[in-house]
Amino acid sequence: VIAMNPHSRGVERGSISALRALPGFSIDEATSRRDQLDRSGYRPAGPPMAVVRASSEDEVEQVLRYANENLVPVVTRGAGTSLTGASTADRGEIVLDVSGMDEIFTIDAGNRMAIVGAGVITAELDAAAARQGLRYAPDPASVGISTIGGNIATNAGGVLGAKYGVTRDHVLELNAITGAGERLRSGRQTHKGVAGYDLTSLLVGSEGTLAVITRAAVKLRPAVTERVTMLASFPDTRTAAAAAQELLLAGLDAAAMELVDAPTLNAIARVDGELGEVTRAILLLQYDGAGAVSDSQRAEGVLGPLTSDVETTQDPVRADQLFAMRRRAIPSIELLGRVLIEDIVVPLPRLSDAIDGLRAIENELQTTIFVVAHAGDGNLHPMISVPGLEDGSPIPEAAWHVADRVFSLALNLGGSITGEHGVGLLKRDHVLRELGPVSLALHTAIKRVFDPRGILNPGKAF
Ligand SMILES: Cc1cc2nc3c(=O)[nH]c(=O)nc-3n(C[C@H](O)[C@H](O)[C@H](O)COP(=O)(O)OP(=O)(O)OC[C@H]3O[C@@H](n4cnc5c(N)ncnc54)[C@H](O)[C@@H]3O)c2cc1C
């Protein structure tokens with residue numbers, strides 16, 4: 001399907017006929033307005049030139065050929081759940097929506113591998129694997145709404161990241177069309193293989209700037225049946241962070257170790273209709289596999305001196321309730337106003353220092369920073385809410401100032417400005433601080449090799 005915006009500028013009608021030739025052409029400004037947005041709240045200056053819903057590699061190739069010939073930027077789009085503006089398309093750009101390429105081609109239990117189209121929703125891949133006693137482990141909180149192609153392009157992480165790794169650790173082979181319009185196969189359908197540069201890893205996390213991923217072979221793992229879930233409450237966020245460090249030092253390998261602070265718990269409680277004020281912070285822990293019960297007992301011992309408030313359950317329904325509560329964190333805070341959702345990561349022993357630093361920024365700048373963290377991999381999501389501002393309104397300078405201080409905090413602690421959401425549009429001005437000039441120059445040179453005319457997602461990521 002192509003929806004071409006009649007008000008777009010730049011390309012004359014004659015040359016658009018190459019796009020018109022693709023099946024299902026339509027013109028619908030409302031659709032294209034919707035498809036140019038993602039979940040960052042960023043609002044582009046004007047409508048895109050066209051929306052193309054590709055259903056095959058051939059169609060993707062045709063769009064890129066057209067874009068190269070006419071020098072029109074292309075923004076590849078999965079489900080558009082990016083929180084950084086990475087999948088927003090600006091005035092005159094083509095939205096290339098690959099969410100329709102959603103076929104699960106193979107679940108190969110013997111090779112512990114699935115081959116899927118880029119548009120497959122990640123939870124659906126996991127469900128298909130589960131039918132063969134396997135699972136796809138990376139589980140961003142958006143697992144039910146985001147695509148595998150988008151997850152690969154952002155190297156999405158999730159709750160299980162510390163124990164099972166992030167998206168990058170699960171990608172074996174990619175089929176893609178480079179920005180120059182060439183078909184590329186990178187990697188291989190084996191669990192080892194080192195011939196050549198690791199172009200697969202380069203494409204993972206490249207935020208749609210190098211190539212359009214059309215198909216992926218990904219690693220599956222055996223499904224886990226035994227799980228013990230623990231909800232531990234602490235008087236404050238720092239103690240919760242210190243507890244996370246004690247659990248790591250004890251050599252315990254939690255499948256999930258999620259930290260949620262009191263302001264975030266209150267935001268969730270308001271949505272759930274529980275109006276009582278929460279003053280504590282929590283760690284939501286899960287131990288899994290054959291040693292789950294003994295690990296959870298050891299964890300209780302480690303937590304003993306820090307809190308006596310621990311709920312331990314093997315009931316899968318209660319566990320689902322607790323993790324669903326955690327997944328409601330971002331949507332609940334979004335209801336309070338316009339939110340800047342940050343995504344810093346620090347070395348594991350610096351988690352408590354990061355919490356102290358965030359509280360110091362709050363006090364100095366007289367603001368509230370909501371915090372959830374994947375404590376097991378040092379990845380914090382400080383969220384800056386601007387009450388009274390609608391979604392889509394520009395973020396005020398004062399909120400950017402808070403974010404700037406949060407980035408400095410992360411870098412000063414030896415960390416990064418983004419652990420899993422990517423740079424996109426919103427963090428582009430800060431990326432030089434982390435990468436440095438030599439790395440940034442190499443990024444620019446690599447971009448030119450894959451995409452010599454700068455067609456793919458210009459102005460994003462670096
Ligand atoms: C409620 C909520 C919770 C979230 N939780 C998490 C979380 O826990 N962990 C996490 O990492 N992220 C999280 N995110 C962010 C987001 O869901 C992820 O970045 C996700 O990977 C984006 O997938 P998508 O299909 O929506 O991609 P899109 O938003 O459509 O695109 C994201 C980027 O990938 C590029 N892209 C998409 N598809 C392709 C393709 N086939 N080929 C090349 N480039 C492509 C786009 O151009 C863009 O740069 C969350 C978002 C929301 C709204």
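What counts and what doesn't
Residues numbered from 1 in each chain as written. Predicted model: local features only at pLDDT ≥ 70, side-chain atom pairs only at ≥ 80, totals over all residues. Heavy atoms only, no water. Axes fitted to C-alpha atoms, helices over the stretch in contact; angles between N-to-C directions. Helix = DSSP H or I, 4+ residues; strand = E, 2+ residues; numbered from the N terminus. Parallel < 35°, antiparallel > 145°, perpendicular 65-115°, else oblique. Left-handed = near helix turned anticlockwise from the far one by under 90°. Contact = heavy atoms within 4.5 Å. Nonpolar A, V, L, I, M, F, W, Y, C, P; charged D, E, K, R; others polar. Salt bridge = Lys/Arg side-chain N within 4 Å of Asp/Glu carboxyl O. Buried < 20%, exposed > 50% of the residue type's maximum accessible area, 1.4 Å probe, protein only. Pairing = 2+ DSSP bridges.

Draft legend 1. Examining the packing of helix 13 (residues 351-365) against helix 14 (residues 397-412) more closely. For the pair helix 13 and helix 14, the least separation of the axes is 10 Å and the interaxial angle reads 155 degrees. For the element pair helix 13 / helix 14, the angle class is roughly antiparallel. Here helix 13 and helix 14 pass one another in a crossing that is right-handed. Mapping the contact onto sequence places Ala354, Gly357, Leu358, Ile361, Glu364 and Leu365 in helix 13 and His401, Val402, Arg405, Val406 and Leu409 in helix 14. Each residue belonging to the contact of helix 13 with helix 14 can be placed in one class, and the counts come to seven nonpolar, two polar and two charged.

Draft legend 2. Local environment of the pattern of salt bridges. If you walk through the whole model with that rule in mind, you get 20 salt bridges. Of the charged contacts in the structure, one is a salt bridge between Asp97 and Arg53, with a shortest N-O distance of 3.2 Å. Here the residue Asp97 occupies a position in strand 5 (residues 94-97), and Arg53 occupies one in strand 3 (residues 50-53), the gap between them amounting to 44 residues. A relative accessible area of 7% means that Asp97 is categorised as buried. When the shortest N-O distance is used, the salt bridge between Asp356 and Arg238 registers 2.8 Å.

Draft legend 3. Representation of the sheet that holds strand 11 (residues 211-219) within the structure. The strand order 6-7-11-9-10 describes an open sheet built from five strands, whose pairing is antiparallel. Lying at the two open borders of the sheet, with one neighbouring strand each, are strand 6 (104-108) and strand 10 (183-187). Across the sheet, the mean angle separating the axes of adjacent strands is 15 degrees when strand polarity is ignored. Pairing analysis gives five bridges linking strand 9 (residues 171-178) to strand 10, with the strands arranged antiparallel. If you follow Glu173 over to strand 10, its bridge partner there is Gly187. On the sheet, helix 4 (residues 122-130) packs against strand 6, strand 7 (113-117) and strand 11 and is oriented at approximately 40 degrees with respect to strand 6.

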